[in-house]
Amino acid sequence: MPVKLPIYMDHHASTPIDPAVLKAMMPYLTENYGNPGAYHIFGQKAALAIETAREKTAALINADPGEIVFTSGGTESDNLAIKGIIETLERRGKHIITSSIEHHAVFNVCREMEEHGLKVSYLPVDKFGNINLQHLKEAIRKDTILISLMTANNEIGTQYPIDDIGDIAHENNIFFHTDAVQSANYIPIDVRKSPVDLLSLSAHKLYGPKGVGALYINRDLPFKLKAQMDGGGQERNRRSGTHNVPGIVGMGEACGIALEKMPKTCEVAILRDEMWELFQKAISGVEMHGNQYFRLPNNLNIFIPGVNTTDLVRMCGSKIALSTGSTCNAFQREPSHVIAALGFSMNRSFSTLRIGLGRSTTRDEIYFAVDYIAKQVSMLRGE
Ligand SMILES: *Cc1c(COP(=O)(O)O)cnc(C)c1O
């Protein structure tokens, strides 16, 4: 079967909007344009739509709708969680713990806050991207206020054991934030059972629109998280600014579909594993990054020795959408801090290819992709 080109294999960077999501959004981009803060019928329609979306977003992680704050995306949710905790608990302590492979939306917030006197422990990871819980316990200090560790990594797919991490945090009276942006589509989370205080989501990583996200804030937190956006007091003073109504409606719809389709969505692991088998046959010396078992079902991150993968991605560009690693770095050509943290040489990240499969990925596509990529690899290697 001929495949339709170009093939999209960069679902970690973003996902297409599900047709049902777009359909739900459309009325709020057209006739229902009211400001949800207004008292007339236009406003009331928008306000109602936001509350429905809040229920659906909450349901994805079994939260209360009141525990969901809508934001402009994963980045803002991470900023609100981390800066919010730091500012709220300023007097209690100035130390937080994170890992060396967090997304830039966490990593660079920590870096920035260090300039303002925050102390940060960046937990090392092993060559599969796992943290050691013993290291976590040892990093805890009297003044530790927050642990921020992602549910699953956006480059190598490795999952962190968030229940164990949350237990350790709570035993030590420390709050726990997790960036679940990459995992929300695949890994079920029940915040009533998991010891999570704050959790970040982004719509465009789960077949929703860009520019909208959410932060779950546990209703039992013994304080009010300091807002990072002051203004009209929307979102119960937790995030001011007129709501992105179509975006929020899209996010709710996308979360509803993500929950309903999760078992089916996870079946992409079968194709991912098959693709890895094919790569091993087609490209000599290829190695896999990340934890082989405890990882995102749609992620494949490989090392191709002797190949500059920026060149490879460019050569494949018109046929297959691929990535060398984190999308934020794509233009900066900086080596990936994630691959560097795995303990390999810096050069290795220049030979790293990230493949992100999705709901629409077919077997024909993976066969075509491996074949095509292998041909370009031979060319680059001068074979
Ligand atoms: C994409 C991503 C973000 C940022 O989300 P945006 O909505 O693009 O701002 C944060 N964390 C992780 C793990 C991501 O993959």
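About the criteria used
- Residues numbered from 1 in each chain as written.
- Predicted model: local features only at pLDDT ≥ 70, side-chain atom pairs only at ≥ 80, totals over all residues.
- Heavy atoms only, no water.
- Pairing = 2+ DSSP bridges.
- Helix = DSSP H or I, 4+ residues; strand = E, 2+ residues; numbered from the N terminus.
- Buried < 20%, exposed > 50% of the residue type's maximum accessible area, 1.4 Å probe, protein only.
- Near = heavy atom within 4 Å.
- Polar contact = N/O pair within 3.5 Å; in protein donor to acceptor, adjacent residues only side chain to side chain.
- Areas by Shrake-Rupley, 256 points an atom, 1.4 Å probe, with all protein chains shown as cover.
- Domains from an automatic or database assignment.
- Contact = heavy atoms within 4.5 Å.
- Buried area = accessible area lost by both parts, 1.4 Å probe.
- Salt bridge = Lys/Arg side-chain N within 4 Å of Asp/Glu carboxyl O.
- Arc of directions from axis to C-beta.
- Core = buried A, V, L, I, M, F, W, Y, C linked by side-chain atoms within 4.5 Å.

J.: Is there a simple way to explain the sheet that holds strand β9 (residues 287–288) in this structure?
T.: Each strand in a sheet pairs with another by means of backbone hydrogen bonds, the pair being arranged parallel or else antiparallel. Read across the open sheet, the three strands follow the order β9-β10-β12; overall the sheet is antiparallel. The sheet is open, and its two borders are formed by β9 and β12 (352–356), each paired with just one other strand. Of the strand pairs in this sheet, β9 and strand β10 (residues 299–303) are connected by two bridges, and their pairing is antiparallel. Bridge assignment links Met288 to a residue of β10, and that residue is Ile302.

J.: What is the right way to read the pairing of strand β7 (residues 198–202) from this model?
T.: The two faces of the sheet receive side chains in turn, since in a regular strand these alternate between them. Counted residue by residue, β7 has five buried out of five residues, so it is predominantly covered. Neither face of β7 is open: one carries Leu198, Ser200 and Ser202, the other Leu199 and Leu201, and all of them are buried. Both strand β6 (residues 175–179) and β7 contribute to a ladder of three bridges, which runs parallel. Bridge assignment links Asp179 to a residue of β7, and that residue is Ser200. Note that β7 and strand β8 (residues 213–217) share five bridges and pair antiparallel. Its bridge partner being in β8, Leu198 is matched across the sheet by Ile217.

J.: How should I be thinking about the site of the ligand in this particular structure?
T.: Inspection of the region around the ligand gives 13 residues, with Thr75, Asp179, Gln182, Ser202 and Lys205 positioned closest. In this structure, an oxygen atom belonging to the ligand sits 2.8 Å away from a side-chain N or O atom of Gln182. Here an oxygen atom of the ligand and a side-chain polar atom of Ser202 are 2.6 Å apart. For the ligand, the accessible surface in isolation is 380 Å², of which the surrounding protein chains cover 88%. The dominant element in the shell around the ligand, judged by the number of residues it contributes, is helix α3 (residues 74–88), at three residues.

J.: Is there a simple way to explain unusual backbone geometry in this structure?
T.: Trans is the common state for peptide bonds, and a negative phi is the common state for residues other than glycine. Following Leu5, the chain continues to Pro6 via a peptide bond in cis, the omega torsion being -10°. Counting through the fold element by element, Pro6 comes out in the segment before β1 (7–8). Positive phi, normally seen in glycine, also occurs at Asn62, with a value near 55°. Counting through the fold element by element, Asn62 comes out in the loop between α2 (41–60) and β2 (68–71). On the basis of relative accessible area, Asn62 is assigned to the partly exposed category, the value being 38%. In this structure, Tyr207 is a non-glycine residue whose phi angle is positive, near 70°. Within the element layout of this structure, Tyr207 appears in the loop between β7 and β8.

J.: Explain the domain arrangement of the protein here, please?
T.: Buried accessible area, meaning the area lost when the parts come together, often serves as the stated size of an interface. Partitioning the protein into domains gives domain 1 (7–17 + 266–381) and domain 2 (19–261). Relative to domain 2, the C-alpha centre of domain 1 lies at a distance of 27 Å. Listed by partner, the interface residues are 34 residues for domain 1 and 40 residues for domain 2. By the criterion of area lost to domain 2, the three top residues of domain 1 are Ile17, His337 and Arg359, representing 25% of everything that side buries. Across the contact surface, domain 1 and domain 2 share zero salt bridges. Remark: the boundary between domain 1 and domain 2 carries 17 residue pairs in polar contact (both at pLDDT 80 or more). Going through the elements one at a time, β10 and α10 (337–341) are the ones with two or more residues in the side of domain 1 that touches domain 2. Considering every element that reaches the side of domain 1 that touches domain 2, the biggest residue donor is α10, with four residues.

J.: I tried to follow helix α1 (residues 19–29) on my own but got confused; where do I start?
T.: Structurally, the α-helix is built with 3.6 residues per turn, so residues lying three or four positions apart point the same way. Among all positions in α1, only Val21, Ala24, Met25 and Tyr28 are buried. The buried residues of α1 occupy one face: seen down the axis, they fall within an arc of 95°. Across from the buried face of α1, at angles greater than 90 degrees, the exposed residues are Pro19 and Lys23. Here the buried face of α1 lies against α2 and α7 (245–266). Capping the start of α1, Asp18 holds a side-chain oxygen 2.9 Å from the backbone nitrogen of Ala20, two or three residues further along.

J.: Would you explain the nonpolar core in this entry?
T.: Generally speaking, nonpolar side chains in soluble globular proteins are found buried as a group. Counting residues in hydrophobic clusters, the biggest one holds 57 residues, and the most contacted among them are Ile61, Ile147 and Leu149. Considering every element that reaches this core, the biggest residue donor is α7, with nine residues. Formed jointly, this core draws a minimum of three residues from each of two domains, domain 1 (7–17 + 266–381) and domain 2 (19–261). Those residues in contact with Ile61 that lie beyond four places of it in its chain are Ile68, Ile189, Asp190, Val191, Leu199 and Tyr216. Among the nonpolar cores identified, the runner-up in size contains 35 residues, and Val3, Ala152, Val307 and Leu322 belong to it.

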